[in-house]
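Letter by letter, the chains look like this.
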Amino acid sequence: MDKLNEEVRLIIAFTVTIIIILVFGKMQGRHSEISKQTSLPSSESTTEETVIYHEKQVIEKPSDIPLLESEQKTYEDSRYIIVIDTISGSIKKLGIKKYQRKNEPFFTVLENSQLLLDSAKDGIYPEYKISSWDEKSSLITFIGHLGKNIYAEKSISIPSDSHTFQSSITLVNKDANRTFFTYIIQAGRVNLHQPVNRNEISPPELLIKTNGQILKLNPSRIKQDTFYENTQWIALKQRYTLLMLKTKEETKSFVVRENNFVNFGFMYETINMESNGHKNINLSFYAGPSDYFIARNEIDDKKLFGSGFFASMGRFLFTLLSYIHRVIPNWGWAIIILTLIIKVLFFPLTKNSLKSMKTLQKLRPYLQEIQKKYKDNPQQMQKEMMNLYKDYKINPFGGCIPMLIQFPIFIGFFIALRSSIFFRGAPFCLWINDLSLPDTIAQVGNFNINLLPLLMAITSFWQQKLTPQEPSQKAMTYMMPAIFLLLFYNFSSGLLLYWVTMNAAGLIEQYFIYKK
């Protein structure tokens, strides 16, 4: 079950729910027509992976070239902890002193990285030395020698109030002759065999903007070296983290597979320097939370965060959630309050639906009489049944409407909460210490006992019990809660808190409506 990510489980749950509703609805009224099929739109607009430009020759990959010996030094200020390889001038690890879970010294954005590792195409690295290391001005500079008479100077500027870093590489030709070469700057690498903590990171996704189009790549499916012309930026996105490297001018990019690693970055093929000439390469990179509400202020291309109806709904719900949080500074209570507000707004529809189902149960003898009377005339049977529904102003499928409405809102909540950095490490109360994790209260062997999904299943069961049903639909009373328990058992406690609150409020609604 852990091998399925949360998005897949959500889609499975929605699809299974629709299938069960349609199957049992058909069993209830076999002669009623179902004119519409329900499907789940994608929450994000995804461009299919396409190859813009592919070369058969293999470039020298960073993993193929013997690396320089590593000497690491740690930069630390009030916001960042950054481990830098002082010989290659690359960033190996980057952490933020914010958004930590309990007992974490910092929130890790990059680990075992090779960000800004640069070399010539023939495998020559500029062996850098630190020129300046000024933590007060947040500037680090290196000077290196790139074979013969080519020199390199690299700078990294650490931001003081954002997550966007600036970097530049200046190449200088001290030779008496003109020189031509290709230069490679690595943005990062993905270890395909690295163990994945599902609660911390999701399967990595590579995004490349090339020729005005955003491509989304699954690193595990990359089998050959691929090159893209006219690239503006390249990004690595995971559940909570985002690395986006951007060039000042469009250039070529690469994604190459080497055993268990996928390396990606930029390639400058047309470096042509006269004697005593120089070439400036200016870069910027965002390294921080992938949360839309943080990164949107620094990343212009909002399509990187996904688009579509469900993505927009998720952002709208989180905006409402953040307003509530300003008044009540606890994300758990904010979720409960917003859930109750949604429940109140949809109460008229829920009330009519529940009353319709109650009336439908009372009409069961008349429906059975019609079915018996016109068993040899299906068309007349359908006509008489529809007239009966019309006379009593009921919808035979009205009981499904609240569930169908609840699912899009649930999907919106899922999108809003799944990568929200604000819930990471945020406690609620009692046993819920982190709204971004399952609410484990005990462990039996290697099995975690999570309380909220059990409460969700119990409240779902009682809702089904209180709902008037045809005998043929009674299996749903047991089937639906069991399916939800299986699929949502390891979901984050923040999302399940919404679901349990919605169920509990629904039980109160049903009690008072049916009591009357």
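Quick note: structure is the one above.
Residues numbered from 1 in each chain as written. Predicted model: local features only at pLDDT ≥ 70, side-chain atom pairs only at ≥ 80, totals over all residues. Heavy atoms only, no water.

**Q** Please clarify how helix α4 (residues 331-345) should be interpreted in this entry.
**A** Here α4 spans 21 Å end to end across 15 residues, near enough to the 21 Å set by a 1.5 Å rise per residue. Taken residue by residue, α4 has Trp-331, Gly-332, Ala-334, Ile-335, Ile-336, Leu-338, Thr-339, Ile-342 and Lys-343 as its buried positions. Put simply, Asn-330 is the residue that caps the front of α4, since its side-chain oxygen is 2.9 Å from the backbone nitrogen of Gly-332. (Helix = DSSP H or I, 4+ residues; strand = E, 2+ residues; numbered from the N terminus. Expected span 1.5 Å × (residues − 1). Buried < 20%, exposed > 50% of the residue type's maximum accessible area, 1.4 Å probe, protein only. Polar contact = N/O pair within 3.5 Å; in protein donor to acceptor, adjacent residues only side chain to side chain.)

**Q** In this structure, what is going on with the packing of helix α3 (residues 309-327) against α4? I would like to understand it.
**A** In a packed pair of helices, the relevant descriptors are the angle between the two axes and the axis-to-axis distance. Close contact between α3 and α4 brings their axes to 9 Å; oriented N to C, the two are set at 120 degrees. The angle between the axes of α3 and α4 places the two elements in the oblique class. Here α3 runs over α4; the crossing is right-handed. Here Leu-317, Phe-318, Leu-320, Leu-321, Ser-322, Ile-324 and His-325 of α3 come into contact with α4, specifically with Trp-331, Ala-334, Ile-335, Ile-337, Leu-338, Ile-341 and Ile-342. Of the residues that constitute the contact of α3 with α4, the class distribution is twelve nonpolar, two polar and no charged. (Axes fitted to C-alpha atoms, helices over the stretch in contact; angles between N-to-C directions. Parallel < 35°, antiparallel > 145°, perpendicular 65-115°, else oblique. Left-handed = near helix turned anticlockwise from the far one by under 90°. Contact = heavy atoms within 4.5 Å. Nonpolar A, V, L, I, M, F, W, Y, C, P; charged D, E, K, R; others polar.)

**Q** Just checking my understanding: could you explain the pairing of strand β3 (residues 90-96) for this structure?
**A** Looking along a regular strand, one sees side chains alternate from face to face of the sheet. Within β3, five of the seven residues are buried, leaving the element largely enclosed by the surrounding structure. For strand β2 (residues 80-85) and β3, the ladder comprises six bridges, and the chain directions are antiparallel. Residue pairing for β3: Val-83 is matched across the bridge by Lys-93. Between β2 and β3, which follow one another and run antiparallel, lie four residues, and Gly-89 among them has a positive phi close to 70 degrees. (Pairing = 2+ DSSP bridges.)

**Q** I'm lost on α3 in this one. Help?
**A** A turn of α-helix holds 3.6 residues, and therefore any two residues three or four places apart point the same way. Compared with an ideal rise of 1.5 Å per residue, which puts 19 residues at 27 Å, α3 spans 28 Å between its outermost C-alpha atoms and is within 8% of the ideal. Here α3 has its buried residues at Phe-310, Ala-311, Met-313, Gly-314, Arg-315, Leu-317, Phe-318, Leu-321, Ser-322, Ile-324 and His-325.

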